[in-house]
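Structural characterization, general
Here is how the chains run, residue by residue.
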Amino acid sequence: MKHFKLVENGIDVSPFLNEITVHSEQWLVDTSRQKNVPKQRETQTITLRSHADQAVLDSKTRAAMPVRYRGHPSPMASYFPHASEYVDHLVESMDGAMGRAVIVKLRPHGTIYPHTDDGLYWLLRDRYHLVLKSVTGSRFKAGGEETRMQEGELWWFDPTVPHEAFNDSDEGRIHIIVDIMSPHSIKSSFRKRLLRAPVKSLRAIVMAMVRRLAWPIQQQFSHRLAKT
């Protein structure tokens, strides 16, 4: 398969699930993603690493700072030491730079609706899914391919092609999702994406430059609004 790759299996996910159960109230701390991103409306998110406090603000940062973006521990991260340690180790093992890292729950019989992650942020990074809970396996489609990820498996997949996901079970499906910019993502993934869609990639680069130039003005305007 071109858009999916099983990286590791047999991972003990019980420590992650235990801390999620103990701190289940954290699902309700930031609901901006499911409220403002229609494709994600049937999900809940716990942010482990980000560049901004809220998911919606973080998406703007990813668009304006796709190269310099670095995911930092969120206020929620301290409740999830096992998950936090895992994502840090994963990034370090690839000699990479931390992007966004989240825990995402898809509701029973829920869907993450078809979409493509467009922009330079995603072109430069590899995305990894660690399946923590999926009773029937996580059914995933991307770029015309389909797979079913199982609990305890770590997968790479390409979010820059049209993709969607399904939860066929009566229980929530939970993944840890990590974006990593690394020597591999630059030399291999970015190169392949550039060759696959050169015009689209060039457009993403130009848009990133425009947004970067506009970013200081937007920030200044936001601060002024906050003071009024």
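Residues numbered from 1 in each chain as written. Predicted model: local features only at pLDDT ≥ 70, side-chain atom pairs only at ≥ 80, totals over all residues. Heavy atoms only, no water.

Along the protein chain, the regular secondary structure elements total seven helices and 11 strands. For 228 residues, the compact-globule estimate of 2.2 N^0.38 gives 17 Å, and the protein chain sits close to it at 17 Å. Counting only C-alpha atoms, the protein chain reaches 45 × 45 × 30 Å along its principal axes. Among the 228 residues that make up the protein chain, the fraction classed as buried is 50%. In the protein chain, of all internal contacts separated by at least 6 residues, the share reaching a separation of at least 24 is 78%. Carbon together with sulfur atoms contributes 57% to the accessible area of the protein chain, which is approximately 11,600 Å² in total. Of note, the protein chain has its 32 positive side-chain charges centred 10 Å away from the centre of its 25 negative side-chain charges. (Helix = DSSP H or I, 4+ residues; strand = E, 2+ residues; numbered from the N terminus. Rg over C-alpha atoms; globule rule 2.2 N^0.38 Å. Buried < 20%, exposed > 50% of the residue type's maximum accessible area, 1.4 Å probe, protein only. Contact = heavy atoms within 4.5 Å. Areas by Shrake-Rupley, 256 points an atom, 1.4 Å probe, with all protein chains shown as cover. Lys, Arg positive; Asp, Glu negative; His and termini not counted. Charge placed at Lys NZ, Arg CZ, Asp CG, Glu CD.)

A few words on the sheet that holds strand 3 (residues 72–73). Here we have seven strands laid out as an open sheet, ordered 1-9-6-11-4-2-3, and antiparallel in their pairing. The open sheet terminates on both sides in strands that have one partner only, identified here as strand 1 (4–8) and strand 3. In this structure, strand 6 (residues 126–133) lies alongside strand 11 (residues 173–181), joined through seven bridges in antiparallel fashion. Within the sheet, the bridge partner assigned to Y128 lies in strand 11 and is V178. (Pairing = 2+ DSSP bridges.)

Attention now goes to the nonpolar core. Judged by nonpolar contacts, the single largest core of 26 residues is most densely connected at F16, I103, I176 and V178. Elements represented by at least two residues in this core include exactly helix 1 (14–22), strand 2 (43–50), helix 4 (81–93), strand 4 (97–106), strand 6, strand 9 (154–157) and strand 11. Among the elements that line this core, the one with the most residues is helix 4, at five residues. Excluding residues that lie within four positions of it along the chain, I103 makes contacts with I20, W27, Q44, T45, I46, L48, F80, A83, I174, H175 and I176. (Core = buried A, V, L, I, M, F, W, Y, C linked by side-chain atoms within 4.5 Å.)

Turning next to the packing of aromatic side chains. Scanning all chains against the criterion turns up seven aromatic pairs. Judged by centre distance (5.9 Å) and plane angle (70°), the ring pair of F4 and F140 falls under edge-to-face. In this pair, F4 is assigned in strand 1 and F140 in strand 7 (residues 138–142), connecting sequence segments 136 residues apart. Each of the two residues, F4 as well as F140, counts as buried. Ring geometry for Y69 against Y121: centres 5.3 Å apart, planes inclined by 80°, an arrangement best described as edge-to-face. Of this pair, Y69 sits in the loop between helix 3 (55–64) and strand 3 while Y121 sits in helix 5 (residues 120–123); the two residues are 52 residues apart in sequence, bridging distant segments of the chain. (Phe/Tyr/Trp six-rings, centres within 6.5 Å; stacked < 30°, edge-to-face > 60°.)

Each strand in a sheet pairs with its neighbour through backbone hydrogen bonds, running either in the same direction (parallel) or in the opposite one (antiparallel). What the four strands build is an open sheet, ordered 5-10-7-8; its pairing is antiparallel. Across the chains shown, the open sheet's two edge strands, defined by having one partner strand only, are strand 5 (111–115) and strand 8 (145–149). Each neighbouring strand pair of the sheet contributes to a mean axis angle of 15°, computed without reference to strand direction. Here strand 5 pairs with strand 10 (residues 163–166) via three bridges, running antiparallel. Counterpart to I112 in the pairing with strand 10 is A165. (Axes fitted to C-alpha atoms, helices over the stretch in contact; angles between N-to-C directions.)

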